[in-house]
Amino acid sequence: MRSLALLGGETPLRRVLAIGCHADDVEIGCGATLLALTRERPGLDVTWVVLAAAGDREAEARASAESFLAGAAHTEIVLHGFRDGFMPYRGEAVKEAFEELKRVEPDLVLTHTRADLHQDHRLACELTWNTFRDHLVLEYEIPKVDGDLGTPNLFVPVSAELAREKVERLLSSFATQRDKHWFDAEVFLGLMRIRGMECRSPSGYAEAFVARKVPVSL
């Protein structure tokens with residue numbers, strides 16, 4: 001399958017903004033993509049935002065972000081303490097947090113998908129598009145008991161080694177989540193394996209996104 005290099009050419013990728021509602025969302029949804037980007041583009045700046053990172057989750061979120069961003073030239077980790085599951089009911093404050101992110105001026109925004117059934121995730125996606133109207137936005141997926149995985153239309157093949165590294169970093173970073181029945185290597189590798197099959201990834205693994213608007217220069 002022919003691939004299209006969307007982020008090269010005369011306007012190289014310089015700044016990435018990754019937005020997650022909860023302390024492990026960015027890692028689950030696009031961790032391998034970020035690992036690959038920071039290694040292939042040594043001058044990359046990454047701003048990593050977690051909206052609900054309070055208590056023990058704050059320390060986990062920061063340590064994990066630092067681990068995943070070790071290869072980036074410049075990083076900023078922004079942690080908020082919004083209550084998990086209640087973000088739509090704190091809409092004004094969450095909106096203000098997004099307004100503050102306009103200063104980043106990202107070339108690429110990674111965020112939750114609009115069809116996600118978790119109320120916090122849906123709000124984050126809505127506010128992402130409301131805040132970044134002229135940007136490339138890719139919406140990542142989070143597996144969960146709701147059974148809301150959709151039909152992504154943009155795939156990022158990753159090596160088997162990178163897929164496993166993502167999962168190892170993820171599992172080692174979030175001790176508070178280890179008793180959750182969905183938080184295991186088979187779930188995370190399994191989803192990447194399915195997406196890899198769908199895009200005929202040479203390694204068999206990929207992360208997938210919904211790309212609603214992608215201008216292409218011919």
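Right above here is the structure, for reference.
The model shown is predicted, which means the values in this text are computed figures rather than measured ones.

> I would appreciate a short explanation of the state of the cysteines in the present structure.
Where two cysteines share a covalent bond between their sulfur atoms, that bond is called a disulfide. Going through the model one piece at a time under the given rule, you end up with zero disulfides. Left without a disulfide partner, Cys21 is nearest to the cysteine sulfur of Cys125, which lies 9.8 Å away. Lacking any disulfide linkage, Cys30 is separated from the closest cysteine sulfur, that of Cys21, by 13 Å. Overall, Cys30 belongs to the buried group, its relative accessible area being 0%.

> Would you take a moment to explain helix H6 (residues 185-198) for this structure?
Since one α-helical turn is 3.6 residues long, residues separated by three or four positions face the same way. For H6, built from 14 residues, the straight-helix expectation of 20 Å at 1.5 Å per residue is met to within 8% by its first-to-last C-alpha distance of 20 Å. Within H6 the residues assigned to the buried category are Phe188, Leu191, Met192, Arg195 and Gly196. Down the axis of H6, the buried set is contained in an arc of 135 degrees. They therefore lie on one face. Looking at H6, the residues exposed on the side facing more than 90 degrees away from the buried face are Glu186 and Met197.

> Even after reading the chapter, I still don't get the environment of Ala18, so can you show me in this structure?
Position of Ala18 among the secondary structure elements: in strand S1 (residues 15-22). Through-space distance from the C-alpha of Ala18 to that of Ala115 is 18 Å; in sequence the pair is 97 residues apart. For Ala18, the contacting residues outside a window of four places in its chain are Val26, Leu34, Thr47, Trp48, Val49 and Leu110.

> Where do I start with the side chain of Glu207 in this structure?
Relative to the helices and strands, Glu207 resides in strand S7 (residues 205-210). A distance of 3.3 Å separates the side chain of Glu207 from the backbone nitrogen of Gly31, its partner in a polar contact. Within the structure, the side chain of Glu207 is placed 3.0 Å from the backbone nitrogen of Ala32, a separation counted as a polar contact. With near-sequence residues (within four places) excluded, Glu207 lies in contact with Ile28, Gly29, Cys30, Gly31, Ala32, Thr33, Leu154, Phe155, Val156, Lys166 and Met192.

> I'm lost on the packing of aromatic side chains in this one. Help?
Two aromatic rings, taken as a pair, are described by how far apart their centres are and by the angle between their planes. Under the definition given, this model contains four aromatic pairs. Ring geometry for Trp182 against Phe183: centres 5.5 Å apart, planes inclined by 80 degrees, an arrangement best described as edge-to-face. Within the aromatic cluster, the residues linked to one another by ring pairs are Trp182, Phe183 and Phe188. Here Arg83 stacks its cationic end above the ring of Phe86, 3.7 Å away from the centre of that ring.

> Help me understand the side chain of Asp116 in this model?
Its location among the elements puts Asp116 in the loop between strand S4 (108-112) and helix H4 (119-131). According to the relative accessible area criterion, Asp116 is buried, its value standing at 2%. In this structure the side chain of Asp116 is engaged in a polar contact, spanning 2.9 Å, whose partner is the backbone nitrogen of His118. Side chain to side chain, Asp116 and His121 meet in a polar contact 2.8 Å long. Excluding residues that lie within four positions of it along the chain, Asp116 makes contacts with His121, Arg122, Ile142, Lys144 and Asp148.

Scoring rules and cut-offs
- Residues numbered from 1 in each chain as written.
- Predicted model: local features only at pLDDT ≥ 70, side-chain atom pairs only at ≥ 80, totals over all residues.
- Heavy atoms only, no water.
- Disulfide = S-S within 2.5 Å.
- Buried < 20%, exposed > 50% of the residue type's maximum accessible area, 1.4 Å probe, protein only.
- Helix = DSSP H or I, 4+ residues; strand = E, 2+ residues; numbered from the N terminus.
- Expected span 1.5 Å × (residues − 1).
- Arc of directions from axis to C-beta.
- Contact = heavy atoms within 4.5 Å.
- Polar contact = N/O pair within 3.5 Å; in protein donor to acceptor, adjacent residues only side chain to side chain.
- Phe/Tyr/Trp six-rings, centres within 6.5 Å; stacked < 30°, edge-to-face > 60°.
- Lys NZ or Arg CZ within 6 Å of the ring centre and 35° of its normal.

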